[in-house]
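What follows is each chain in one-letter form.
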Amino acid sequence: MKKIMFIAEKCLACKTCELECAITHANTTNINDAIWKVPQPFPRLRIITENGKNKILRCMQCKKPKCVEVCESGALKQENGMVTLNEEKCTGCWNCIEACPFKSIFKNELLNIAIKCDLCNNKEKLACVASCPTGALSIKEVN
């Protein structure tokens, strides 16, 4: 299973990773096309700055994910160590958002569903990692 690793000291908080994530999930490679997509694409990770330090909010692929435990609709599952979200089953109850200790599940209030990192649908190359200009993001294979 893959995990996204983050080196805060290398991060410029340029949010290129967020932008590339949203573009990728809009099923395009062109930012102009992504802007006009309906529904508007959302990034599945966030870069924030707290107390002068850059942090990344992304799914940590917990071994015992609390988000899966509280998901009443069955939209969140853990398969082969990876936490997946079936957006069609999500009812927008936000229980998963409140349960996530890493604040890494986000609201898409337009669609009334939760949004989380899907590791680019388990592709080998992750959009956020590939777009990071400083190498602050990388992929690590873990058991």
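Residues numbered from 1 in each chain as written. Predicted model: local features only at pLDDT ≥ 70, side-chain atom pairs only at ≥ 80, totals over all residues. Heavy atoms only, no water.

(A) Up close: the nonpolar core. By size, the foremost hydrophobic cluster in this structure holds 32 residues, and its most contacted members are Ile4, Phe6, Leu126, Cys128 and Leu137. Going through the elements one at a time, strand 1 (2-6), helix 1 (16-25), strand 5 (82-85), strand 7 (113-115), helix 5 (119-122) and helix 6 (127-131) are the ones with two or more residues in this core. Beyond its immediate chain neighbours, meaning those up to four positions away, Ile4 contacts Arg58, Cys117, Leu119, Leu126, Cys128, Val129, Leu137 and Ser138. (Core = buried A, V, L, I, M, F, W, Y, C linked by side-chain atoms within 4.5 Å. Buried < 20%, exposed > 50% of the residue type's maximum accessible area, 1.4 Å probe, protein only. Helix = DSSP H or I, 4+ residues; strand = E, 2+ residues; numbered from the N terminus. Contact = heavy atoms within 4.5 Å.)

(B) Main features of the environment of Pro41. Tracing the chain through its elements places Pro41 in the loop between helix 2 (31-35) and strand 2 (46-50). Relative accessible area serves as the criterion here: at 17%, Pro41 is assigned to the buried category. For Pro41 and Asn27, which are 14 residues apart along the polypeptide, the C-alpha to C-alpha distance reads 9.2 Å. Once residues within four sequence positions are removed from consideration, Pro41 is found in contact with Ala22, Ala26 and Ala34.

(C) View of the pattern of salt bridges. A complete count under the given rule lists three salt bridges for this structure. For Glu18, the salt bridge is made with Lys15, and the minimal N-O distance between the two is 3.4 Å. Residue classification places Glu18 among the buried positions, given a relative accessible area of 11%. For Glu87, the salt bridge goes to Arg44, with nearest N and O atoms at 3.0 Å. In this pair, Glu87 sits in the loop between strand 5 and helix 4 (95-99) while Arg44 sits in the loop between helix 2 and strand 2, placing the two residues 43 residues apart along the sequence. When its relative accessible area of 9% is taken as the criterion, Arg44 is described as buried. (Salt bridge = Lys/Arg side-chain N within 4 Å of Asp/Glu carboxyl O.)

(D) Representation of the pairing of strand 3 (residues 53-57) within the structure. Inspection of the sheet shows strand 2 paired to strand 3 by five bridges, in the antiparallel sense. By the bridge assignment, Thr49 is partnered in strand 3 with Asn54. (Pairing = 2+ DSSP bridges.)

(E) Representation of unusual backbone geometry within the structure. In the Ramachandran plot, Asn80 falls in the positive-phi region, its phi being about 55° despite a non-glycine side chain. Locating Asn80 in the fold gives a position in the loop between strand 4 (76-79) and strand 5. Here Asn112, not a glycine, exhibits a phi torsion of approximately 60°, which is positive. Looking at where Asn112 falls in the secondary structure, it is placed in the loop between strand 6 (106-108) and strand 7. Classification of Asn112 as partly exposed rests on a relative accessible area of 36%.

(F) Summary view of the pairing of strand 1. Residues Lys2, Ile4 and Phe6 point to one face of strand 1 and are all buried, whereas Lys3 and Met5, pointing to the other face, are not buried. Sheet analysis places strand 1 next to strand 8 (residues 137-141), joined by five bridges and oriented antiparallel. Bridge pairing in strand 8 links Lys2 to Glu141.

Geometric descriptors of this kind do not, in isolation, establish any biological role.
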